[in-house]
Amino acid sequence: MIKEKEQNISHQEAVCINESIPTHPWYHNLKYLAAGIIFGIIFVKAEVISWFRIQEMFRLQSFHMYGIIGSAVLVGMISVWLIKKLNIKTVYGEPIRIAPKKFNKGQIYGGLIFGFGWAITGACPGPLFAQIGTGALAVSVTLLSAIAGTWVYGYFRDKLPH
């Protein structure tokens with residue numbers, strides 16, 4: 001049934017299939033937990049979760065965060081290029097398809113809202129969990145707000161200009 005659905009979708013559309021029945025044992029998720037813990041430690045050590053570092057970035061007072069973000073963008077660009085060039089597959093042998101994306105003005109509005117929220121709270125979604133893990137429990141309000149914002153977007157998505 002899934003194969004039939006995939007064949008009916010044009011190649012320009014993104015294919016997103018949510019499996020209702022897990023195909024792997026629960027303990028396979030432990031690798032994601034381990035990766036998350038390592039990622040959080042790296043965030044803490046690199047001061048990516050530091051509210052002061054984020055404020056320095058938005059005030060154009062330090063290159064620290066721009067260097068980290070620029071490095072991530074460069075690694076991402078090279079990784080996507082390699083995936084396309086070498087036809088790399090997932091660990092389960094599935095082909096990786098990156099759907100072409102069209103630009104629209106909603107991306108500007110979304111980016112501005114995201115940036116303002118990042119500047120005000122001193123956190124973007126990635127470091128939220130690391131900040132909470134270091135004991136900054138006030139960031140829980142930011143996490144709940146991010147979840148609420150995601151829900152609101154999902155609720156109004158069909159009515160928004162895309």
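Structure: above.
In this text the structure is predicted, and so the values were computed from the model without any measurement.

Caption draft 1: Broad picture of the nonpolar core. One finds Phe43, Val48, Ile49, Ile54, Met57, Met65, Trp118, Cys124 and Ala130 forming the largest nonpolar core, which totals nine residues. The residues touching Ile54, leaving out its near neighbours within four places in the chain, are Val48, Met65, Trp118, Gly122 and Ala123.

Caption draft 2: How the structure looks around the side chain of Ser62. Along the polypeptide, Ser62 turns up in the loop between helix H3 (51–58) and helix H4 (64–86). Within the structure, Ser62 has its side chain in polar contact with the backbone nitrogen of His64 (distance 3.2 Å). Residues contacting Ser62, with those up to four places away along its chain left out, are Arg53, Glu56 and Met57.

Caption draft 3: Quick look at H3. For H3, the set of buried residues is Ile54, Gln55 and Met57. Looking straight down H3, one finds that the buried residues subtend no more than 155 degrees of arc, so they occupy a single side. Buried-residue contacts for H3 involve H4 and helix H5 (105–121). Leu60, located one to two residues past H3, shows a positive phi value of around 55 degrees.

What counts, and where the lines are drawn
Residues numbered from 1 in each chain as written. Predicted model: local features only at pLDDT ≥ 70, side-chain atom pairs only at ≥ 80, totals over all residues. Heavy atoms only, no water. Core = buried A, V, L, I, M, F, W, Y, C linked by side-chain atoms within 4.5 Å. Buried < 20%, exposed > 50% of the residue type's maximum accessible area, 1.4 Å probe, protein only. Contact = heavy atoms within 4.5 Å. Helix = DSSP H or I, 4+ residues; strand = E, 2+ residues; numbered from the N terminus. Polar contact = N/O pair within 3.5 Å; in protein donor to acceptor, adjacent residues only side chain to side chain. Arc of directions from axis to C-beta.

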